Amino acid sequence: MVDYITRDGVALLQVNNPPVNALSHNVRAEIKNGLDEAGQDKQIKAIVISGKRSFIAGADITEFKSGSYSEWPTIIDLCDLIESSGKPVVAAIKGFALGGGHEIAISCHYRIAHEKSKFGFPEVDIGILPAAGGTQRFPRLVGLEAALDLIPSGRHIGAAQAFKLGIVDKVVRGDAVEEAVKFAKSIAGEPLVDRRTSQRPVMGAENAVSLRDAAVKLAMKKKKGMIAPIHCIKAVMGSLLPFEQGMEIEASEGFMLFTSGQMGALQYAFFAQRAAPKWSLPCGASFKTVKGRPIRNAAVIGAGTMGTGIAMAMLNAGIPVTLVEQDRKFLDKGVSLLKLLYAGSVSLRKITQDQCDAILSKLNTAVGYKSLTNVDLVIEAVYENMALKKQIFAELDRICPPETFLWTNTSALDIDEIASATRRPDKVLGTHFFVPAYHMKLLENVRGKLTSAETVASAQMFGTRIGKIPVVVGNCHGFVGNRMLHKYAHESDFLIEEGCWPEDVDMVAENFGLPLGPFKVRDLS
Ligand SMILES: CCCCCCCCCCCCCC(=O)CC(=O)SCCNC(=O)CCNC(=O)[C@H](O)C(C)(C)COP(=O)(O)OP(=O)(O)OC[C@H]1O[C@@H](n2cnc3c(N)ncnc32)[C@H](O)[C@@H]1OP(=O)(O)O
Ligand SMILES: NC(=O)C1=CN([C@@H]2O[C@H](COP(=O)(O)OP(=O)(O)OC[C@H]3O[C@@H](n4cnc5c(N)ncnc54)[C@H](O)[C@@H]3O)[C@@H](O)[C@H]2O)C=CC1
């Protein structure tokens, strides 16, 4: 799990724990053994820590449930051992240095990074904080302001910004490991006192109160309902005390999170989101055995709320789209809405005008279906009316090539009945997007009785390509999402009957952490 390689007086400790080099217990133990061996070997003058393929993506998240994250040696122990090493330790970073991996890196005496490497503390999004000294060393390396930005937000940054902030000593284009080995040889024997991060002062301490208040305000806005960002901020503020006292604050703030229900829920969500796209069918076909067909171009029928949102989701992923309506007036309305949304993204600087123009150049429009003779996929998003949907599917079946997938964005209708209007029920499937479809991550791919495994595979692949979390569900009224939403909607309605105002119900739901309350969502729908 950790290869120990010697190179001309340098010991290279290369973590090899696929897929992401998480710091599982065995990895930690082997890093410790490597450090001990290098420390004792008189021939070794310097140490390089790196990862095969990528650096280290952090603690092994499964260990927070099993408890082995706290088994010796912990990441805290490793960081202390690295920092206190009498021989210089250089981190060679390519790929990701995240969470505990980032903490290991900033405990090293020097950091050499590939230009495409990424740095961050994503702990906040799994309900914890960088509890291996990250909240104490990081402010000492980059100053209070940057630490109060990056730790509570969990944002990743690239190598160039990491260099600007002082996280990284050198950014390289070539092989980071080779560069680090060369560098390690060049600094062997130099004094390390000012290279030990925990011994540095924190820059920006004079503005501590205003920086803290701004960070709390931002965290409450951006991560509504989450407790971890506030504990992260409190722990970072502890860095203004001597290092050992700061570590105690980090541990006590960490303890509250490590024992919280939010940690369990967010870590469940982390693994659930990665499990969702992995599908299998009762016939035995699965994501491992069946390949999807890539979608080169598509059409969307209906330029209403959902049709425009679905078209945007595809355009954002670079898929050329033809937006189809029943008449010119509805089409113009849909296209204006779509253009307005992109103009909004330009004015908010989410995309440039050039990017906006490039995206819109892939949009075609049509009234009627006659032009759809060369599309890989059609997604229908017209009114929720079975007779209308069946009529449209029958017509599409006549016009589109036999291999074209015909998918429907119905909220609750029977996929098998819609498929029965065609001679290709194997290629019919429900793609249930959620409003706003260009933004919401969930995509239910509803499998009918006759939907083929290739169609399911293609829909799952398509979902991932357009940035969604696609999940295969069965065909029943309301599928999964809307059956859950029904209960939620009923309870919200009961509250109104009992005398609450819709805005009060929304406020409570939003304070709980939902981005929009139930009545605002209904207004959007
Ligand atoms: C305080 C009280 C207790 C006292 C005792 C004190 C003891 C010591 C405390 C030590 C505390 C340590 C604190 C700490 O530093 C915490 C952390 O480091 S938490 C982890 C932080 N890191 C992350 O959150 C990274 C998560 N991963 C990602 O963001 C992405 O995976 C990544 C960008 C790295 C790669 O993305 P991508 O290529 O898209 O791959 P996937 O996301 O699909 O992942 C592939 C595969 O790998 C699994 N996986 C990813 N990361 C982890 C992980 N960190 N641990 C375990 N498994 C991971 C993922 O689930 C996928 O698995 P599949 O089975 O293939 O689906
Ligand atoms: N609005 C929502 O929140 C969600 C809606 N859905 C489903 O998506 C589908 C569409 O819903 P919305 O976008 O909200 O409806 P909408 O009323 O906003 O848009 C429907 C559009 O379809 C067009 N249309 C009607 N007949 C047509 C035809 N024969 N050919 C071409 N275009 C035609 C209409 O002109 C209209 O612009 C429905 O089945 C709905 O149940 C699914 C998820 C969420």
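Rules of the game
Residues numbered from 1 in each chain as written. Chains lettered and ligands numbered in written order. Predicted model: local features only at pLDDT ≥ 70, side-chain atom pairs only at ≥ 80, totals over all residues. Heavy atoms only, no water. Patch = residues over 30% accessible without salt bridge, like charges linked within 9 Å, V, L, I, M, F, W, Y side chains within 5 Å. Areas by Shrake-Rupley, 256 points an atom, 1.4 Å probe, with all protein chains shown as cover. Salt bridge = Lys/Arg side-chain N within 4 Å of Asp/Glu carboxyl O. Helix = DSSP H or I, 4+ residues; strand = E, 2+ residues; numbered from the N terminus. Buried < 20%, exposed > 50% of the residue type's maximum accessible area, 1.4 Å probe, protein only. Near = heavy atom within 4 Å. Polar contact = N/O pair within 3.5 Å; in protein donor to acceptor, adjacent residues only side chain to side chain. Nonpolar A, V, L, I, M, F, W, Y, C, P; charged D, E, K, R; others polar. Contact = heavy atoms within 4.5 Å. Expected span 1.5 Å × (residues − 1). Arc of directions from axis to C-beta. Pairing = 2+ DSSP bridges. Axes fitted to C-alpha atoms, helices over the stretch in contact; angles between N-to-C directions.

**Quick word on a nonpolar patch on the surface**
In step 1: A contiguous nonpolar surface patch, about 390 Å² in accessible area, is contributed by Leu 485, Tyr 488, Phe 512 and Leu 514.
In step 2: By the element assignment, Phe 512 lies in helix H20 (residues 502-512).
In step 3: Relative accessible area serves as the criterion here: at 68%, Phe 512 is assigned to the exposed category.

**What to know about the site of ligand 2**
In step 1: In the vicinity of ligand 2 lie 24 residues, with Met 306, Glu 325, Glu 384, Lys 389 and Ser 411 positioned nearest.
In step 2: Between an oxygen atom of ligand 2 and a side-chain N or O atom of Lys 389, the distance comes to 2.8 Å.
In step 3: One nitrogen or oxygen atom from the side chain of Asn 409 is found 3.0 Å from an oxygen atom belonging to ligand 2.
In step 4: Burial of ligand 2 by the protein chains amounts to 85% of its free accessible area of 840 Å².
In step 5: For the shell around ligand 2, the elements supplying multiple residues, two or more each, are helix H13 (305-316) and helix H16 (386-399).

**Describing the site of ligand 1**
In step 1: Neighbouring residues of ligand 1: 31 residues in total, closest Ala 59, Gly 100, Glu 103, Arg 274 and Lys 278.
In step 2: Interatomic distance of 2.7 Å between a backbone N/O atom of Gly 100 and an oxygen atom of ligand 1.
In step 3: Glu 103 places a polar side-chain atom, nitrogen or oxygen, 2.5 Å from an oxygen atom of ligand 1.
In step 4: In isolation ligand 1 has 1300 Å² of accessible area, and contact with the protein removes 73% of it.
In step 5: When residues of the shell around ligand 1 are traced back to their parent elements, those giving at least two are helix H3 (75-84), strand E5 (96-98), helix H4 (100-107), helix H11 (243-258) and helix H12 (261-275).
In step 6: Among the residues forming the shell around ligand 1, the class breakdown is 20 nonpolar, six polar and five charged.

**Some remarks on the side chain of Ser 50**
In step 1: With respect to the helices and strands, Ser 50 occurs in strand E3 (residues 46-51).
In step 2: On the basis of relative accessibility, which here comes to 0%, the residue Ser 50 falls in the buried class.
In step 3: Looking at Ser 50, its side chain comes within polar contact range of the side chain of Gln 14, at 3.3 Å.

**Concerning the environment of Gly 246**
In step 1: Within the element layout of this structure, Gly 246 appears in helix H11.
In step 2: On the accessibility criterion, Gly 246 (0% relative accessible area) is buried.
In step 3: Gly 246 sits 10 residues away from Val 236 along the chain, and the two C-alpha atoms are 8.2 Å apart.
In step 4: Ignoring sequence-local partners within four residues, the contact set of Gly 246 consists of Gln 136, Gly 238 and Leu 241.

**Considerations on helix H19 (residues 481-497)**
The α-helix winds at 3.6 residues per turn, so residues separated by three or four positions along the chain end up facing the same way.
In step 1: The end-to-end C-alpha distance of H19, which contains 17 residues, comes to 24 Å, matching closely the 24 Å that a straight helix rising 1.5 Å per residue would cover.
In step 2: For H19, the full list of buried residues reads Gly 481, Asn 482, Ala 489 and Ser 492. End-on, the buried residues of H19 take up no more than an arc of 75 degrees, which puts them together on one face. In H19, the exposed positions angled more than 90 degrees off the buried face are occupied by Met 484, Lys 487 and Glu 497.

**Here's the deal with the sheet that holds strand E13 (residues 377-380)**
In step 1: Ordered in space as E12-E11-E10-E13-E14-E15-E16-E17, the eight strands form an open sheet in which the pairing is mixed. The sheet is open, and its two edges are formed by strand E12 (363-367) and strand E17 (469-473), each paired on a single side. Adjacent strand axes in the sheet meet at a mean angle of 25 degrees when their direction is disregarded.
In step 2: Across three bridges, strand E14 (residues 405-408) lies against strand E15 (residues 428-432) in parallel orientation.

Everything listed here is a matter of coordinates, which is why it stays silent on function.
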